[in-house]
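Tertiary structure, described
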Amino acid sequence: MMNATIQTNFARLQIMKKKVIAALRKGENYELKTELNSEYKERRKEAVRRVIANMTVGKDVSGLFTDVLKNMHTDDLEIKKLIYLYLINYAKTQPDLVILAVNTFVKDAEDTNPLIRALAIRTMGCLHVQEVLDHLTDPLRKCLKDPSPYVRKTAVMCVAKVYDLSPAIAEENGFVEDVRRALSDSNSMVISNAVTVLTEINEMTPGQNVWRLDAKTVPTLLTAINECVEWGQIAILEVLADYTPKTEKEAESICERLLPRLQHANGSVVLTTVRLLLKYEKYVHRADLLSQFSKKMVPPLITLLSSEPEIQYVALRNINIILQRHPKMLSKEIRVFFCKYNDPIYVKYEKLDVLVRICSERNTEPLLNELKEYAREVDVDFVRRAIQAIGRLAIRYESSADKAVKVLIELLQLKVNSVVQDVVIVLRDVFRRYPQNFTDVVPTLCEHMDYVNEPDAKAALIWILGEYSEHISNISNLLGTSIEGFLEEDDEGVQLALVNSAVKFFLKSPQKGQTLVLKALQTATEKCSNPDVRDRAYIYWRLLSADPNAARAVALVEMPPVELESASLSAPLLEELIAELGSVASVLQKPAKLFVYTKTDKAGVPRDSDMASAGFDDTDGAASAGDNSATGGIDTSNEGEPELLISF
């Protein structure tokens, strides 16, 4: 009985709670409604502010639409802006009520204050309601010829919104032609906005080519760019970057006039200018000019590395692409790319890649010393990359191999677990590159065998044992200990390396290695569950039994020296990314068409044909570094970096 009473009371409380909450909500909107209709201006102004505040946090205030509209007839610019913001937010949900505001918009479009005229025309365009479009044409036509440049530049941007809603109305009323004429306007901001609008219209109608930049307009844009803000400069630079000069002299003139843009404080302006200069290289044939352009690009790129970490990362990703076109451009600035203690890890990764790319034979020593310090850091992934970079330098430059191996041995003697694993793998690749140069290092390497516990490192060390068994005094003990734990190894690569090394040791020293090879082959054929390991052991056993010379030809064959594969992008992909320098595509190092979808594309559907035509696939990019033996164990991929998936 008591439980039933408690449940009944609880249900009543819940109902009362809902009623109270509903009353509070109703009371808030009712209070706002009363304030919006107050006879006092300050109360109405405060009420409008509260309405916008509620709208901003997601509360539904659409029920106050008509009350808000009543306050449009005011000279207070702040209230007008807030009310226009309210209208833009609720225009699509209540298009019929928006018509009530049209007369006020038309009236404001003829106001004596240019700010109000521009605000009215901008808001009408942003409403994006078909019913308003019919009333927008006349005010827009007047504003496109307004004496105020601020109104004209706003009206030009409004044309793009009209064209997006109804291309036919924009063409019939001559708005597109008006925007074309705006390219010869006396105000630079109007010109830059006209360029932006015409570019957007071209993107809205692919194939129709509504507007193309011609030689007559280029001087006007070059003059206007000096007075534009950053966004205007970027818009003009992007259009000029896609322009094809008619003559070499024209290309030289454009490049020379845009060189001052490299000194701009905005990083996007700098990178877009660099993009233009790189694209125009094929039109300029004078070696002295090309050298001058290349030298001019260096200081602004270096300056970007003094910005915030996020800007540094974008700059480094773009520099990585630029260096693949001009490998020696930054070779004298290697110290600028040295990592700082407070650099974020993603910046350090990119700096490390750039350091290895710009390093030349004459400056390997300072870089090796720097990499040695990086290898003492606490971040395991960064340490691994630093050690791999040391190996890449050793393989690339024979004159620096001795110094690189000394650095690796110093790191090995630190006896830090993760460092030992990576050093062993890298030394294996150095030995393959220079088979007879560093045999004196092998005994030192064997002294650290107890610290090697990762499969890849174990396989690398066991390969070294078999390859250089004649230089190791206690080879029988080392191999014997490893073979005793044969079945405890879960990795196929380690087991295969043990079989191979046992056979090599036997072929080089038959008397010392007979017991070991017999034990290894018996264990592999009788107790190992891996079919690949068993098959390898059977093949070796039969070769040794039937023809030892044939076994020697197979097992002791001289392996080709490992070569460091190029970490460069394919030529077609590189050209495409240079054309998109300074954009998201250059940061992802993927063509924009792989992740930016137009209206005719279906978002989320892979476009294999586009990927193939771009020369881009899963194995393209930094390097095809899937197999350590193929790339010398040097990680030249972008593994560990966040992958960005974008779908529009």
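Scroll up to find the structure this text is about.
This write-up is about the structure you can find in this document. (Residues numbered from 1 in each chain as written. Predicted model: local features only at pLDDT ≥ 70, side-chain atom pairs only at ≥ 80, totals over all residues. Heavy atoms only, no water.)

Thoughts on the nonpolar core
Note the threshold: As used in this record, nonpolar core signifies buried Ala, Val, Leu, Ile, Met, Phe, Trp, Tyr and Cys residues forming a set joined through side-chain atoms within 4.5 Å. Exposed residues in this analysis have more than 50% of their type's maximum accessible area, buried residues have under 20%, and partly exposed residues fall in between, with area computed by a 1.4 Å probe over protein chains only. A run of DSSP states H or I qualifies as a helix once it reaches four residues; a run of E qualifies as a strand once it reaches two. Both are numbered from the N-terminal end. Residues count as neighbours in contact if any of their non-hydrogen atoms are within 4.5 Å of one another.
The biggest cluster of nonpolar side chains holds 204 residues, and the ones touching the most others in it are Tyr 86, Leu 87, Leu 140 and Phe 337. If one sorts the elements of this core by residue count, helix 27 (residues 492-508) sits on top with 10 residues. Those residues in contact with Leu 140 that lie beyond four places of it in its chain are Ile 121, Ala 155, Cys 158, Val 159, Val 162 and Phe 175.

A few points about the packing of helix 7 (residues 114-127) against helix 9 (residues 149-165)
Formally: Lines are fitted to the C-alpha atoms to define the axes, a helix being fitted only along its stretch in contact, and any angle between axes, read from their N-to-C directions, falls within 0 to 180 degrees. The cut-offs work like this: below 35 degrees is roughly parallel, past 145 is roughly antiparallel, 65 to 115 is roughly perpendicular, and the gaps in between are oblique. Classification used: nonpolar for Ala, Val, Leu, Ile, Met, Phe, Trp, Tyr, Cys and Pro, charged for Asp, Glu, Lys and Arg, polar for all others including Gly.
The geometry of helix 7 relative to helix 9 is characterised by a closest axis approach of 9 Å and an angle of 5 degrees between their N-to-C directions. One element, helix 7, and the other, helix 9, form an angle in the roughly parallel class. Residue-level inspection shows Pro 114, Leu 115, Arg 117, Ala 118, Ile 121, Arg 122, Gly 125 and Cys 126 of helix 7 in contact with helix 9, the latter providing Tyr 150, Val 151, Thr 154, Ala 155, Cys 158 and Lys 161. Classifying every residue of the contact of helix 7 with helix 9 gives nine nonpolar, two polar and three charged.

With respect to a positive patch on the surface
Which entries qualify depends on this criterion: Patches in this entry comprise residues that are over 30% relatively accessible and not in a salt bridge; like charges within 9 Å are linked, as are nonpolar side chains (Val, Leu, Ile, Met, Phe, Trp, Tyr) within 5 Å. Per-residue and other accessible areas were derived by the Shrake-Rupley procedure at a 1.4 Å probe size, with only the shown protein chains allowed to occlude residues. Any Lys or Arg side-chain nitrogen found within 4 Å of a carboxyl oxygen on Asp or Glu counts as a salt bridge. Under the counting rule used here, the positive set is Lys and Arg, the negative set is Asp and Glu, and His together with the chain ends is not counted. In plain terms, the charge of a residue is placed at NZ if it is Lys, CZ if Arg, CG if Asp and CD if Glu.
On the surface, Lys 295, Lys 328, Lys 332 and Arg 362 cluster together into a patch of positive charge. As for its placement among the helices and strands, Lys 328 is situated in the loop between helix 18 (309-325) and helix 19 (345-358). The exposure class assigned to Lys 328 is exposed, which follows from its relative accessible area of 73%.

A few points about the environment of Asp 242
Structurally, Asp 242 can be placed in the loop between helix 14 (230-241) and helix 15 (248-258). Its relative accessible area of 56% is what places Asp 242 among the exposed residues. Once the C-alpha coordinates of Asp 242 and Leu 276 are considered, the two residues, 34 residues apart in sequence, prove to be 8.2 Å apart.

Overview of the packing of aromatic side chains
We apply this condition: Each Phe, Tyr or Trp ring, with Trp reduced to its six-membered ring, pairs with another whose centre is within 6.5 Å; inter-plane angles below 30 degrees give stacked pairs, above 60 give edge-to-face pairs, and intermediate values give tilted ones. Any Lys NZ or Arg CZ found within 6 Å of a ring centre and within 35 degrees of that ring's normal is scored as a charge over the ring.
Within this structure, the stated rule accounts for eight aromatic pairs. Ring centres 5.0 Å apart and planes at 50 degrees place the aromatic pair Tyr 84 and Phe 105 in the tilted group. Highlighted residues: Tyr 84 in helix 4 (residues 77-90) and Phe 105 in helix 6 (residues 102-108), separated in sequence by 21 residues. Here a set of aromatic residues connected by ring pairs shows up, and it is made of Tyr 349, Tyr 374 and Phe 382. The cationic tip of Lys 348 hangs over the ring face of Phe 382; the distance from NZ or CZ to the ring centre is 5.4 Å. Its end group placed over the ring of Tyr 349, Arg 385 keeps NZ or CZ at 3.9 Å from the ring centre.

Observations regarding the environment of Ile 234
Topologically, Ile 234 is positioned in helix 14. For Ile 234, a relative accessible area of 10% gives the class buried. Along the chain, Ile 234 and Thr 273 lie 39 residues apart, while their C-alpha atoms are 8.5 Å from each other. Among all residues touching Ile 234, those that are not within four sequence positions of it are Asn 266, Ser 268, Val 269 and Thr 272.

Section: the pattern of salt bridges
Under the counting rule described, the total for this entry stands at 28 salt bridges. Measuring nitrogen to oxygen at the nearest pair gives 3.0 Å for the salt bridge that ties Glu 110 to Lys 142. Of the two residues, Glu 110 is situated in the loop between helix 6 and helix 7 and Lys 142 in helix 8 (residues 130-143); the sequence distance between them amounts to 32 residues. Neither residue differs from the other here; Glu 110 and Lys 142 are each classed as exposed. Here the residues in one salt-bridge network are Lys 45, Glu 46, Arg 49, Asp 76 and Glu 78, joined through shared partners.

Section: the side chain of Glu 580
Where we set the bar: Polar contact criterion, stated in full: a pair of N or O atoms within 3.5 Å, where within protein one must be able to donate a hydrogen and the other to accept it, and residues adjacent in sequence count only if both atoms are side-chain atoms.
One can find Glu 580 in the loop between helix 31 (571-578) and helix 32 (584-588). Polar side-chain contacts of Glu 580 include one of 3.2 Å to the backbone nitrogen of Ala 592. In contact with Glu 580, other than residues within four places in its own chain, are Arg 275, Ala 585, Ser 586, Lys 590, Pro 591 and Ala 592.

Examining helix 28 (residues 510-526)
The condition that has to hold: A helix is expected to span 1.5 Å for every residue after the first. Fitting axes to the seven residues that end at a residue and to the seven that start at it, the angle between those axes gives the bend at that residue.
When the terminal C-alpha atoms of helix 28 are compared, their 23 Å separation across 17 residues agrees well with the 24 Å that a helix rising 1.5 Å per residue should span. The axis of helix 28 is deflected most strongly, by about 25 degrees, at Leu 516. Three or more residues of helix 28 are buried, namely Gly 513, Leu 516, Val 517, Ala 520, Leu 521, Thr 523, Ala 524 and Thr 525. Of the surrounding elements, those touching the buried residues of helix 28 are helix 26 (475-484), helix 27 and helix 29 (531-546).

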